[in-house]
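So you can see what is in the structure, the chains are spelled out below.
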Amino acid sequence: MSLKSGKGAHRAPSRLRSPHAIGALGVAVTAAVLATLVPATAGTADPDHDAGTDPAPASVPHPERDWMGSTIARHETSGPGAAPRATRAGSVEGVDVSDHQGSVDWAALWDDNVRFAYVKATESTTYENPLFAAQYDGSFQQGMIRGAYHFALPDRSSGTRQADFFVSNGGDWSDDGKTLPPVLDLEYNPYGATCYGLTASQIVDWIGDFTARVKERTGRQPVIYTATGWWKTCTGNSAAFADRNPLWLARYAATPGALPAGWDTHTLWQYTSTGPLVGDHNRFNGSLAGLKALATG
């Protein structure tokens, strides 16, 4: 005899609970428990739960201390105060900022011939720079060409998910001649293992997913910011992105030095973390007309 279906079925009389029925019920319960455990185990590979049905991801411990280049000096030999040998006549001066800088004196930077700015927009899929709008709009109102960057944490969630979060929270691109392409900031893990506990092939795949999604959503290939040392260690010195993604090199020295595999030249160079007014200063490798062309696409 089977239990009734429909409303009230769970109230079956006790006389129906034969040893065989109880045994079958036990098997069903065990199967149900195992079914709930399997997805949980699989999900541990992606703490941000890309399926979109699990609890919200944990927040980043200290995003206010994670700015472009914040891990470079701790891991690579550098001369923070070294003056670049390239003159301003052959390049364009720029800065990058985050909430770490607070309120920025854009007029003073403009007077110091700074003509472009990149602003941190997001980190992982839980952090949005609370000063992003003020910094992004402030640089634009001063007359600078500006863009946004994402501080990547590849062990937190997929490249696709982080790209979506970035583009939806400041990382989009506008064809207005004043918006630089989005930037993917890849550097030493501020929270643990240098390469985020991932293999070189996993890192390369993650970058591929991120860059493909940004291109799909914005129409622009993102610039890749990185240091040659990290790139060699964590991607196996992959040359997979050199043909399509401009390089933003991080090296605090008088010259850019060796480049990651595949790139013949750098597009941007973060040459110091101790420059005037905001700390992080950069050079665009070309003229102002070239910088405008980069913004135009």
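Residues numbered from 1 in each chain as written. Predicted model: local features only at pLDDT ≥ 70, side-chain atom pairs only at ≥ 80, totals over all residues. Heavy atoms only, no water.

A. Looking closely at the overall build of the protein chain. A tally of regular secondary structure across the protein chain gives eight helices and nine strands. Of all 297 residues assigned to the protein chain, the portion counted as buried reaches 47%. Considering only contacts in the protein chain between residues 6 or more positions apart, those separated by 24 or more positions represent 69%. For the protein chain, the computed accessible surface area is about 13,900 Å², with 55% contributed by carbon and sulfur atoms. (Helix = DSSP H or I, 4+ residues; strand = E, 2+ residues; numbered from the N terminus. Buried < 20%, exposed > 50% of the residue type's maximum accessible area, 1.4 Å probe, protein only. Contact = heavy atoms within 4.5 Å. Areas by Shrake-Rupley, 256 points an atom, 1.4 Å probe, with all protein chains shown as cover.)

B. Examining the packing of aromatic side chains more closely. One pass over the full model with this rule turns up nine aromatic pairs. A ring pair is formed by W231 and F241, whose centres lie 6.1 Å apart and whose planes are at 80 degrees; its orientation type is edge-to-face. With W231 in helix α7 (residues 228-235) and F241 in the loop between α7 and β7 (247-250), this pair connects stretches of sequence that are 10 residues apart. The exposure classification of W231 matches that of F241, with both residues buried. (Phe/Tyr/Trp six-rings, centres within 6.5 Å; stacked < 30°, edge-to-face > 60°.)

C. Highlighting the state of the cysteines. On inspection of all chains with the given rule, the structure shows one disulfide. Paired by a disulfide, C195 and C234 hold their sulfur atoms 2.0 Å apart. Taking the sign of the S-S torsion, about -80 degrees here, the bridge from C195 to C234 comes out left-handed. You can see C195 sitting in the loop between β5 (183-185) and α6 (200-218) and its partner C234 sitting in helix α7, a full 39 residues away along the chain. Comparing C195 with C234, the two get one shared label, buried. (Disulfide = S-S within 2.5 Å.)

D. Up close: the packing of helix α5 (residues 159-171) against α6. Close contact between α5 and α6 brings their axes to 8 Å; oriented N to C, the two are set at 40 degrees. By the angle between their directions, the pair α5 and α6 is classed as oblique. The two elements α5 and α6 cross, and the hand of that crossing is right-handed. Every residue of α6 that contacts α5 at G159, T160, Q162, A163, D164, F166, V167, S168 and G171 is listed here: W206, D209, F210, R213, V214, R217 and T218. (Axes fitted to C-alpha atoms, helices over the stretch in contact; angles between N-to-C directions. Parallel < 35°, antiparallel > 145°, perpendicular 65-115°, else oblique. Left-handed = near helix turned anticlockwise from the far one by under 90°.)

E. Fine view of the packing of α6 against α7. Two elements in contact, α6 and α7, have axes whose closest approach is 7 Å; the angle formed by their N-to-C orientations is 115 degrees. As summarised for this structure, α6 and α7 are arranged roughly perpendicular, according to the angle between their axes. Facing α6, whose interface residues are A200, I203, V204 and I207, α7 presents W230, W231, C234 and T235. For the contact of α6 with α7, the residue count by class is seven nonpolar, one polar and no charged. (Nonpolar A, V, L, I, M, F, W, Y, C, P; charged D, E, K, R; others polar.)

F. Region of interest: the pairing of strand β2 (residues 114-123). Across the 10 residues of β2, 10 count as buried, placing the element largely inside the fold. Across five bridges, the pairing between strand β1 (residues 92-97) and β2 is parallel. Bridge pairing in β2 links E93 to V114. Following the chain from β1 across helix α3 (residues 106-111) to the adjacent parallel β2, one finds a crossover that is right-handed. Across seven bridges, β2 lies against strand β4 (residues 145-151) in parallel orientation. Paired with K120 across the bridge in β4 is Y149. Relative to strand β3 (residues 127-128), β2 runs antiparallel, the two sharing two bridges. (Pairing = 2+ DSSP bridges. Right-handed = clockwise from strand over helix to strand, strands pointing away.)

G. Spotlight on the side chain of T71. Structurally, the position occupied by T71 is in the loop between α1 (19-43) and α2 (72-75). Judged by relative accessible area, which is 0%, T71 ranks as buried.

H. Geometry of the environment of F132. Its location among the elements puts F132 in helix α4 (residues 132-142). F132 sits in the buried class, given a relative accessible area of 13%. Along the backbone, F132 and G170 are 38 residues apart, and their C-alpha atoms lie at a distance of 7.8 Å. Among residues more than four places away in sequence, those in contact with F132 are V119, K120, A121, D137, A148 and G170.

It is worth stressing that arrangement in space is one thing and function is another; only the former is reported here.
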